[in-house]
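Listed below are the residues making up each chain.
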Amino acid sequence: MLAELVGGSVEDARARALESPIDDVMAAAAAAAPAIDALSALAPVDRVKIIAEVKRASPSRGRLADIPDPAALASVYEQAGASAISVLTEQRQFFGSLDDLRAVRAAVGIPVLRKDFIADPYQVYEARAAGADIVLLIVAALDQPTLVALHDLATELGMAALVETHSADEVSRALDAGASLVGVNARDLDTFELDRDLFGTLADRIPSGVTRVAESAVLGPADVAHYREAGADVVLVGEALVTGDPMARLAEFLAV
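Starting from 1, residues in each chain are numbered consecutively following that chain's sequence as written. Owing to the predicted nature of the model, reporting of local features is limited to residues with pLDDT of at least 70; listing and counting of side-chain atom pairs is limited to 80 or more, with chain, interface and lining totals taken over all residues. Side-chain metrics rest on all non-hydrogen atoms present in the structure, leaving aside hydrogens and water.

K.L.:
Help me understand the overall build of the protein chain in this model?
P.N.:
To qualify as a helix, a DSSP run of H or I must reach at least 4 residues; to qualify as a strand, a run of E must reach at least 2; elements of each kind are numbered from the N terminus. Counting secondary structure elements, the protein chain contains twelve helices and ten strands. Every radius of gyration here is taken over C-alpha atoms, with the globule rule written as 2.2 Å times N^0.38, N being the number of residues. Here the C-alpha atoms of the protein chain give a radius of gyration of 17 Å, agreeing with the 18 Å that 2.2 N^0.38 yields for 256 residues. The dimensions of the protein chain, computed from C-alpha atoms along their principal axes, are 45 × 40 × 35 Å. For every residue, the accessible area obtained with a 1.4 Å probe (protein chains only) is divided by the maximum for its type, and the residue is called buried under 20%, exposed over 50%, and partly exposed between those limits. Burial analysis of the protein chain (256 residues in total) assigns 54% to the buried set. The long-range fraction of contacts in the protein chain, counting pairs at least 24 apart against all pairs at least 6 apart in sequence, stands at 68%. When the accessible surface of the protein chain is totalled, it reaches about 10300 Å², and 50% of it is carbon and sulfur. Positive charges come from Lys and Arg alone, negative charges from Asp and Glu alone, with His and the N- and C-terminal ends not counted. A charge is said to be at NZ when it belongs to Lys, at CZ for Arg, at CG for Asp and at CD for Glu. A gap of 3 Å separates the mean positions of the 21 positive and 39 negative side-chain charges of the protein chain. Residue contacts follow a heavy-atom distance rule, with two residues in contact if any of their heavy atoms lie within 4.5 Å. In these tables, accessible area is a Shrake-Rupley quantity obtained with a 1.4 Å probe, and a residue counts as shielded only by the protein chains included in the view.

Here is the structure:
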């Protein structure tokens, strides 16, 4: 499944490159307003922080919400206390787009994450051109030289990279690549099975000074509390917000 998702995203990016050549996208990235300092916005404090996600669907759950106005939803997230907004831009399985990202960036004043299956420099440049402050890099999808190169490019463009892991070896690879923002995804992207306890088994491998992000398997406040007790600085939440009252749900999550 992961290989299919990455292959589709790269294929779609190459199709966009026929309309907007990389030189044009690089120029747009250079001309964009400076990225917001996401590492500071997500830095550990004495309470949990939430990355709230604009998410219409997923391969494992199908359609979740229509979200006709992603900017309006993102504004609710910001008002409710989210520290950053994640925007799914993958179009085939998640029904997202870069237009969603642009709309959200124009609507909020907190960092915006481009969540996609990024494996090509073109995708990093277009993320910055569209206003992203953070890009997602999935260790399992990238060989080490590519991971390092994409992480370095994101940093060069002023963005942070959320480097997603799912094993002890992947945490080591993320740290070797220089990651300051390390995510542990409870969902195995090959099998799509969930293990809510995975974060706790890997958290101690992420040193102080690196922000720890727990991803997936959040349905209610107890799940956020579980991750917080296991050492999470930040929890990324999507499905639980888009399938309920986002303002009320965020208040519950931030109160743990």
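K.L.:
Honestly, the packing of aromatic side chains in this entry has me stumped. Any pointers?
P.N.:
Note on aromatic pairs: each is described by the distance of the centres and the angle between the planes. Under the pairing criterion, centres of Phe, Tyr and Trp rings, with the six-membered ring standing for Trp, must be within 6.5 Å; the plane angle then separates stacked pairs below 30 degrees from edge-to-face pairs above 60, leaving the rest tilted. Summed over all chains, the structure comprises two aromatic pairs. Residues Phe-94 and Phe-117 carry aromatic rings whose centres are separated by 6.0 Å and whose planes lie at 35° to one another, so their mutual orientation is tilted. Note that Phe-94 is positioned in the loop between strand 4 (84–88) and helix 5 (98–107) and Phe-117 in the loop between strand 5 (112–115) and helix 6 (121–129), a separation of 23 residues in sequence. Of the two residues, Phe-94 and Phe-117, neither departs from the other in class, the shared state being buried.

K.L.:
Quick question: what am I supposed to make of helix 6 here?
P.N.:
Turn by turn, an α-helix covers 3.6 residues, leaving residues three or four places apart pointing in a common direction. The element helix 6 is largely enclosed, with a buried count of seven among its nine residues. Among the residues making up helix 6, those that are buried are Tyr-122, Gln-123, Val-124, Tyr-125, Glu-126, Ala-127 and Arg-128. In this structure, the buried residues of helix 6 make contact with helix 1 (2–19), helix 2 (22–31), helix 5, strand 5, strand 6 (134–138) and helix 7 (144–156). Just past helix 6, the residue Gly-131 takes up positive phi, approximately 105°.

K.L.:
Sorry if this is basic, but what is going on with the sheet that holds strand 4 here?
P.N.:
Hydrogen bonds along the backbone pair up the strands of a sheet, which may run parallel or antiparallel. Paired strands are those between which DSSP finds at least two bridges. Spatially, the eight strands close up into a barrel ordered 1-4-5-6-7-8-9-10, and their pairing is parallel. Strand after strand, the sheet turns through a mean of 25° between neighbouring axes, direction not considered. Where strand 1 (residues 49–54) and strand 4 come together, four bridges link them in parallel fashion. Bridge pairing in strand 4 links Val-54 to Val-87. Axis geometry follows a simple rule: fit a line to the C-alpha atoms, using only the stretch in contact for helices, then measure angles between N-to-C directions, giving values from 0 to 180 degrees.

K.L.:
Could you clarify how one ought to interpret the environment of Asp-143 in this entry?
P.N.:
Looking at the secondary structure, you find Asp-143 in the loop between strand 6 and helix 7. Judged by its relative accessible area of 45%, Asp-143 is partly exposed. Placed 24 residues apart in sequence, Asp-143 and Ala-119 show a C-alpha to C-alpha distance of 9.6 Å. Side chain to side chain, Asp-143 and Thr-146 meet in a polar contact 2.6 Å long. The term polar contact refers here to a pair of N or O atoms within 3.5 Å; inside protein, the definition further demands a hydrogen-donor-capable atom paired with an acceptor-capable atom, and it admits residues adjacent in sequence only when both atoms are side-chain atoms.

K.L.:
Got a minute to help me understand the pairing of strand 9 (residues 211–215) in this structure?
P.N.:
Regular strands place their side chains on alternate faces of the sheet. The buried fraction of strand 9 is high, at five of five residues. Because side chains alternate across strand 9, one face comprises the buried residues Thr-211, Val-213 and Glu-215, and the other comprises Arg-212 and Ala-214, equally buried. Pairing between strand 8 (residues 181–185) and strand 9: five bridges, direction parallel. When the sheet's bridge partners are listed, Asn-185 is paired in strand 9 with Glu-215. Alignment of strand 9 against strand 10 (residues 234–237), held across three bridges, turns out to be parallel. The partner of Val-213 across the bridge, within strand 10, is Val-234. Handedness of a crossover is defined as follows: orient the strands so they point away from the viewer, and if the path from the first strand over the helix to the second runs clockwise, the crossover is right-handed. Handedness of the β-α-β unit built from strand 9, helix 10 (residues 221–229) and strand 10 comes out right-handed.

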